[in-house]
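Structural characterization, general
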Amino acid sequence: MAWVRAWRAGLVPCDDAAAEISGDEEHMVSDVPGTWTDVSLVDAITALSKLHPDEVRLVLPAPGDPRGLPGPGPFSSAALLAGEGVIAGGLGFVPEVRLHTSGSGDEFETVRWQVFVLPAAVPAPLDGPSTAEAEAELSAELATATRTLAKLDIAQWRPELAGAIEALRKPDGATDLPPGYDPRARRLYARAAILDRVLALAEHAAPGGAINGYEVQQRDAALRPLTTACRRALVAACNAPLI
């Protein structure tokens, strides 16, 4: 989504934006207006050529927190189920990751984007947090959760978290936004993107029963507000004004 915004601001070519979004995975898009079959990601992005960057924005809804959705409808339902979506003018895009197995037994993923026509062009919301507000909230929730997780000795039953947390302290260039974003948005995105990986690891129980039911409840209670702050930080960073 951020790369589409950068393209619409004239900062990167359309092909580069599509390549950055897809990476090594195959991306196809269904139900793009004016098409009859699935189209490639670059063809779907080209359909957005008349949009202003501010008309393209990321949404990361969750049960009980539908922030950013345009209201009841097929797009909102699909985005809420997927936990993510993109609003681009009068269209909504929701990804579905599909797992495949090759004839040799190798597994690989493809992504299918479903396009929904929204009832009307949805203006960008004005009630979302700024990057400064989202950064402050993320820092506060991270400090609180870290103290709780340290008491639970989370690193003992998820040893791989040590490396992820170290990466959180020193973000690398692999978690970066495209040209056009200011330093605060870049810093916030890098931190939240790595934290998102940490949370994905931390939410799974350790193998071999190294964590009991009470510890699971304590962990979930500690991570819930941090997960919300992380989602809000990613949205704030990606939707930040371009410079």
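A short tour of the structure in this document, coming up. Within every chain, residues take consecutive numbers counted from 1 along the sequence as written. Selection of residues for local features in this predicted model requires a pLDDT of at least 70, selection of side-chain atom pairs for listing and counting requires 80 or more, and totals for whole chains, interfaces and linings are taken over all residues. Hydrogen atoms and water are omitted, and side-chain values are computed over all heavy atoms in the structure.

Here the focus is the overall build of the protein. Summing up its helical and strand segments, the protein has nine helices and six strands in all. The buried label applies to any residue whose accessible area, calculated with a 1.4 Å probe on protein chains only, is under 20% of its type's maximum; exposed applies above 50%, and partly exposed to all values in between. Per-residue burial over the protein gives 41% buried out of 243 residues. A total accessible area of about 12,900 Å² is found for the protein, and carbon and sulfur atoms account for 56% of it. Secondary structure elements are defined from DSSP: runs of H or I of at least 4 residues count as helices, runs of E of at least 2 residues count as strands, and each element is numbered from the N terminus. The Shrake-Rupley method, run with a 1.4 Å probe sphere, supplies the accessible areas, and residue values consider only the shown protein chains as cover.

Here we come to the pattern of salt bridges. Side chains that differ in sign of charge can pair as their charged atoms come close. The rule for a salt bridge is simple: a side-chain nitrogen of Lys or Arg has to be within 4 Å of a carboxyl oxygen of Asp or Glu. Inspection of every chain in the model, using the stated rule, returns nine salt bridges. When the shortest N-O distance is used, the salt bridge between Asp54 and Arg5 registers 3.2 Å. On the criterion of sequence distance, the pair formed by Asp54 in the loop between helix 3 (41-46) and strand 3 (56-59) and Arg5 in helix 1 (residues 2-8) is long-range, its members being 49 residues apart. Here Asp65 and Arg231 are joined by a salt bridge, their closest N and O atoms 3.0 Å apart. You can see Asp65 sitting in the loop between strand 3 and helix 4 (74-82) and its partner Arg231 sitting in helix 9 (residues 213-238), a full 166 residues away along the chain. Here the two residues Asp65 and Arg231 agree in accessibility, since each one is buried. Through salt bridges that share partners, Asp65, Arg67 and Arg231 make up one connected network.

In this section: the nonpolar core. Only buried residues count toward a nonpolar core. Its members are Ala, Val, Leu, Ile, Met, Phe, Trp, Tyr and Cys residues joined through side-chain atoms within 4.5 Å. Of all hydrophobic cores here, the largest spans 52 residues; its most connected members are Trp7, Val29, Leu48, Phe93, Leu138 and Leu195. Broken down by element, this core gets its largest block of residues, nine residues, from helix 9. Here, two residues are considered to be in contact whenever any of their heavy atoms come within 4.5 Å of each other. Leu138 has contacts with Leu188, Arg191, Ala192, Leu195, Leu226, Ala229, Cys230 and Ala233, leaving out every residue within four places of it along the chain.

With that settled, consider helix 2 (residues 14-22). Three or more residues of helix 2 are buried, namely Cys14, Ala17, Ala18 and Ser22. Buried positions in helix 2, seen along its axis, are confined to an arc of 120° and lie on one side of it. On its buried face, helix 2 is in contact with helix 1, strand 1 (26-30) and helix 3. Two residues or fewer after helix 2 comes Gly23, characterised by a positive phi angle close to 60°. Throughout, the arc means that of the directions going from the helix axis to the C-beta atoms.

As a further point, take the layout of surface pockets. The way it works is a 1 Å grid over only the protein atoms, where trapped points that fit a 1.4 Å probe form a cavity and open points with protein on both sides within 12 Å along at least five of seven lines form a pocket, and then any residue with an atom within 4 Å of a point lines it. Grid points are joined across faces, edges and corners, and a volume is the space filled by probe spheres set on the points. Here the largest pocket defines a volume of roughly 1,500 Å³. What lines the largest pocket is a set of 49 residues, and nearest its centre among them are Leu58, Leu60, Glu84, Tyr189 and Asp196. Ranked by residues supplied to the lining of the largest pocket, first place goes to helix 9 with eight residues.

This part is about the environment of Glu55. Mapped onto the elements, Glu55 comes out in the loop between helix 3 and strand 3. The spacing of Glu55 and Asn239 is 184 residues in sequence and 9.7 Å in space, taken between C-alpha atoms. When residues no more than four places from it in sequence are discounted, the contact partners of Glu55 are Lys50, Ile87, Ala88 and Gly89.

Let's shift gears to helix 4. Residues of helix 4 that are buried include every one of Phe75, Ser76 and Ala79, and no others. Looking straight down helix 4, one finds that the buried residues subtend no more than 95° of arc, so they occupy a single side. Turned more than 90 degrees off the buried face of helix 4, the exposed positions are Pro74, Ser77 and Leu81. Just downstream of helix 4 lies Gly83, where phi reads positive at about 85°.

As a further point, take the packing of aromatic side chains. Each aromatic ring pair is summarised here by two numbers: the centre-to-centre distance and the angle between the ring planes. Any two of the Phe, Tyr and Trp rings considered here, Trp counted by its six-membered ring, make a pair once their centres fall within 6.5 Å; the pair's planes then place it as stacked at under 30 degrees, edge-to-face at over 60, or tilted in between. For the structure on display, the rule yields one aromatic pair. When the ring of Phe75 is compared with that of Phe116, the centres are 6.2 Å apart and the planes differ by 65°; the resulting orientation is edge-to-face. Pair noted here: Phe75 is in helix 4 and Phe116 is in strand 6 (residues 107-117), with a separation of 41 residues, a long-range link. Both residues of the pair, Phe75 and Phe116, count as buried. Against the face of Trp7 rests Arg8, its NZ or CZ located 4.7 Å from the ring centre. Lysine and arginine charges are scored as sitting over a ring when NZ or CZ, respectively, is within 6 Å of the ring centre and within 35 degrees of the ring normal.

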